[in-house]
Amino acid sequence: MGNKIIRALVFIFAFAIVGYAIVQYGVLSARNAGLVSFKLQKPDFHLTPWVYVLYVHIVTAMLALAIGPFQIFLKQSHARRRKHRLLGYVYIISVSVSGIVSLYLSFFATGGWIAGLGFFGLDVLWVAATWIALRKIIVKNVQAHKAWMLRSYALTFAAVMLRIWLGPLVLIFGDFEAGYRVVAWLCWIPNLIVIEAVIRTRIYKISSSATSI
């Protein structure tokens, strides 16, 4: 029951953020988004070309966020293998593009170099984990592939956790920029810690089962 609840929550939160992004940046205007409107208050900030890079990041990151749960949680079968492989390639391309353009965005992060460094670290690890996962499946190491894909999606899920943490942090610090400096790290480091614990637990169960046979 616990696993089903976790899976349901991951789907709900992932698609809630995807829906928010579509409405905010597709139907409405990027200028009205909280982060963008905050940046526009600064006289030295130039909306272009930054906003175009932001759109590329959002589209590709939301695509990865939406694909991830289907790849991780749905049971594999012979019938689904081709679809899984195809979605996997789309996920890898989406993460790669989003991660690379996000390196540019990190240099202009709200909160200065502290936030920028947090996002830069996230982007590098995100792309690296995803490509390691690809490498593992190419050499047919399925268990390692699954572990690295879990790490990759934990970093993809930073898009969700950023929005969950940001509001409370802004209230705690009483300042948007201060909260953003913290969330630049908090949105992904706990994700990695939790998913690493999950991976280690799975490895332990597998090794225990093999030993008992």
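Residues numbered from 1 in each chain as written. Predicted model: local features only at pLDDT ≥ 70, side-chain atom pairs only at ≥ 80, totals over all residues. Heavy atoms only, no water.

**Focus on the overall build of the protein chain**
Here comes step 1: Along the protein chain, the regular secondary structure elements total nine helices and zero strands.
Here comes step 2: Starting at the N terminus and walking to the C terminus, you meet the elements of the protein chain as α-α-α-α-α-α-α-α-α.
Here comes step 3: A compact globule built from 213 residues would reach a C-alpha radius of gyration of about 17 Å, and the protein chain, at 18 Å, matches this within 12%.
Here comes step 4: Seen through its C-alpha atoms, the protein chain measures out along the principal axes to roughly 65 × 35 × 30 Å.
Here comes step 5: Relative to its 213 residues, the protein chain shows a buried fraction of 41%.
Here comes step 6: Of the roughly 12400 Å² of accessible surface on the protein chain, 71% is carried by carbon and sulfur atoms.
Here comes step 7: Each charge class in the protein chain can be summarised by its mean position, and for the 21 positive and 5 negative side chains these summaries are 24 Å apart. (Helix = DSSP H or I, 4+ residues; strand = E, 2+ residues; numbered from the N terminus. Rg over C-alpha atoms; globule rule 2.2 N^0.38 Å. Buried < 20%, exposed > 50% of the residue type's maximum accessible area, 1.4 Å probe, protein only. Areas by Shrake-Rupley, 256 points an atom, 1.4 Å probe, with all protein chains shown as cover. Lys, Arg positive; Asp, Glu negative; His and termini not counted. Charge placed at Lys NZ, Arg CZ, Asp CG, Glu CD.)

**So, the UniProt feature "transmembrane region" (unreviewed entry) in the protein chain**
Here comes step 1: Under the UniProt annotation, the feature "transmembrane region" (unreviewed entry) is placed at residues 9–30, 50–74, 86–107, 113–134, 154–174 and 180–199.
Here comes step 2: When the span residues 50–74 is considered, its composition is 96% helix and 0% strand, and the gap between its end C-alpha atoms is 37 Å.
Here comes step 3: As annotated, residues 86–107 has a helix share of 95% and a strand share of 0%, and its two end C-alpha atoms lie 33 Å apart. (UniProt positions renumbered as here; feature names shortened; annotations may be inferred.)

**Looking at the nonpolar core**
Here comes step 1: Membership of the largest hydrophobic core comes to 51 residues, with the highest contact counts inside it found for Met62, Leu65, Phe119 and Cys187.
Here comes step 2: Within the residue set of this core, elements represented by two or more residues are α1 (2–27), α2 (34–40), α3 (50–73), α4 (81–106), α5 (112–138), α6 (142–156), α7 (158–173) and α8 (176–186).
Here comes step 3: The element that contributes the greatest number of residues to this core is α3, accounting for eleven residues.
Here comes step 4: Setting aside residues up to four positions removed in sequence, Met62 forms contacts with Ile17, Val18, Ala21 and Ala159.
Here comes step 5: With five residues, the next largest nonpolar core counts Ala147, Leu150, Ala154 and Ile195 among its residues. (Core = buried A, V, L, I, M, F, W, Y, C linked by side-chain atoms within 4.5 Å. Contact = heavy atoms within 4.5 Å.)

**Re the packing of α7 against α8**
Describing two packed helices takes the angle between their axes plus the distance from one axis to the other.
Here comes step 1: At a closest axis distance of 8 Å, the pairing of α7 and α8 adopts a crossing angle of 140°. Considered as vectors, α7 and α8 are oriented oblique to each other. As α7 runs across α8, the sense of the crossing is right-handed. Contacts from Leu162, Trp165, Leu166, Leu169, Val170 and Phe173 in α7 reach Phe176, Ala178, Gly179, Tyr180, Val182, Val183 and Leu186 in α8.
Here comes step 2: Here the residues of the contact of α7 with α8 are counted per class, giving twelve nonpolar, one polar and no charged. (Axes fitted to C-alpha atoms, helices over the stretch in contact; angles between N-to-C directions. Parallel < 35°, antiparallel > 145°, perpendicular 65-115°, else oblique. Left-handed = near helix turned anticlockwise from the far one by under 90°. Nonpolar A, V, L, I, M, F, W, Y, C, P; charged D, E, K, R; others polar.)

**Quick notes on a nonpolar patch on the surface**
Here comes step 1: Side chains of Phe107, Phe108, Trp113, Ile114, Leu117, Phe120, Val124, Trp185, Ile189 and Ile193 sit close together on the surface and give an oily, nonpolar patch of about 1000 Å² of accessible area.
Here comes step 2: Listed by contribution, the elements that provide at least two residues to the nonpolar patch are α5 and α9 (189–212).
Here comes step 3: Per element, the largest residue contribution to the nonpolar patch is five residues, and it comes from α5.
Here comes step 4: Here Val124 is to be found in helix α5.
Here comes step 5: The class of Val124 is partly exposed, set by a relative accessible area of 41%. (Patch = residues over 30% accessible without salt bridge, like charges linked within 9 Å, V, L, I, M, F, W, Y side chains within 5 Å. Salt bridge = Lys/Arg side-chain N within 4 Å of Asp/Glu carboxyl O.)

**Points about α4**
Each turn of an α-helix holds 3.6 residues, which means side chains three or four residues apart point in the same direction.
Here comes step 1: Counted at 1.5 Å a residue, the expected span for α4 with its 26 residues is 38 Å, and the 36 Å between its end C-alpha atoms agrees.
Here comes step 2: Taken together, the buried positions of α4 are occupied by Gly88, Tyr91, Ile92, Ser94, Val95, Ser96, Ser98, Gly99, Val101, Ser102, Leu105 and Ser106. (Expected span 1.5 Å × (residues − 1).)

**Regarding a positive patch on the surface**
Here comes step 1: Together, Lys4, Arg7, Lys75, Lys146, Arg202 and Lys205 give the surface a local cluster of positive charge.
Here comes step 2: Only α1 and α9 provide two or more residues apiece to the positive patch.
Here comes step 3: Inspection of the secondary structure assignment puts Lys4 in helix α1.

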